[in-house]
Amino acid sequence: METERYVIRNASDMEGVPSYAIYDKELGKYAYIREDQLAIQKDATSGFAFVIDMNQPLCNNVRVTDELRGLLNDLAEKRNIELPEVPLQGGLTVNRDPKTGLNFLTIEGNEAKGISVIITSQEDIDTLESLADEFMQYSAIVRDREIAGLWALLEISGNLKRGSEGFTYLTPDGISYTPYNGDNRAGWYIPYSSPFDYGKAKEFLAKGNNLSDAYTWIGVFPKAEIIWPDVEPWSQYNKNETGHGFQYMGR
């Protein structure tokens, strides 16, 4: 089944059960979904709706437009199945970055696990690309366009602050600092000692001062340990076992 923008293909060979691969040709986005899990998930506040593979929700999701909804209704009718509309599942939520105005899908309460920017127009694409351009200037630590995009997503999600000499940013497991000159000996990493530390860290990142000083953070987390040398800033952003992760430009 196909329209100008979307393709829905049979993907039953993947698990041996009725399932579909949904492609947004315009944005290059994709979602795999089993027929028995096919549903439109809708955010009540923003009104955005999605088809989401809950095994990898931030990597495999497609926003439901009127065009895609019509195609999904045709599929449901052809297959004689229900197409329920439900609230966002699994702690997913839609947030908005006040600086860029971009909306993004994320895990409520822990945006450091990843985000998927919701592209609705060419203006959104231009805004995201422009932000990535800003990060390309840090050539000692930004090796390519994809890495620039990942830093941009961290900033959009409220998990990164640019200082005079480097980035301070939050990961799912701790707080990191990476200097712009690429000298990891000047970087540091502080693991969270409690699963509740992320919320406190994000609040302090938004409001705090002198964020590049590790001891500033020890004042917030007195029991924390500072790990100094050889910070690997993106090791924590490989997709983990829960399938969360950052996704630049839906690709």
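Residues numbered from 1 in each chain as written. Predicted model: local features only at pLDDT ≥ 70, side-chain atom pairs only at ≥ 80, totals over all residues. Heavy atoms only, no water.

Moving on: helix α4 (residues 197-207). Within the span of α4, buried status applies to D197, Y198, A201 and L205. The buried residues of α4 occupy an angular sector of 95° when the element is viewed end-on, so they sit on one face. In α4, those exposed residues whose orientation departs by more than 90 degrees from the buried face are A206 and K207. Packed against the buried residues of α4 are β11 (160-162), β12 (166-170), β13 (174-179) and α5 (214-220). (Buried < 20%, exposed > 50% of the residue type's maximum accessible area, 1.4 Å probe, protein only. Helix = DSSP H or I, 4+ residues; strand = E, 2+ residues; numbered from the N terminus. Arc of directions from axis to C-beta. Contact = heavy atoms within 4.5 Å.)

According to the stated counting rule, one finds eleven aromatic pairs in the structure shown. Relative to Y180, the ring of Y138 lies with its centre 4.4 Å away and its plane at 15°, an arrangement referred to as stacked. One end of the pair, Y138, is in the loop between α2 (122-136) and α3 (145-156); the other, Y180, is in the loop between β13 and β14 (188-191), and 42 residues separate them in sequence. Assigned by exposure class, Y138 and Y180 land together as buried. Summarising the aromatic geometry, the rings of Y177 and W188 are spaced 6.0 Å apart at their centres and angled 20° between planes, so their arrangement reads as stacked. Of this pair, Y177 sits in strand β13 while W188 sits in strand β14; the two residues are eleven residues apart in sequence, bridging distant segments of the chain. (Phe/Tyr/Trp six-rings, centres within 6.5 Å; stacked < 30°, edge-to-face > 60°.)

Burial analysis of strand β2 (residues 19-24) places five of its six residues in the buried class, the great majority of the element. As defined by bridge partners, β2 adjoins strand β3 (residues 29-34) across six bridges and the pair is classed as antiparallel. Within the sheet, the bridge partner assigned to Y20 lies in β3 and is I33. Where β2 folds back onto β3 in an antiparallel hairpin, the turn is made up of four residues, including G28, whose phi is positive at roughly 70°. (Pairing = 2+ DSSP bridges.)

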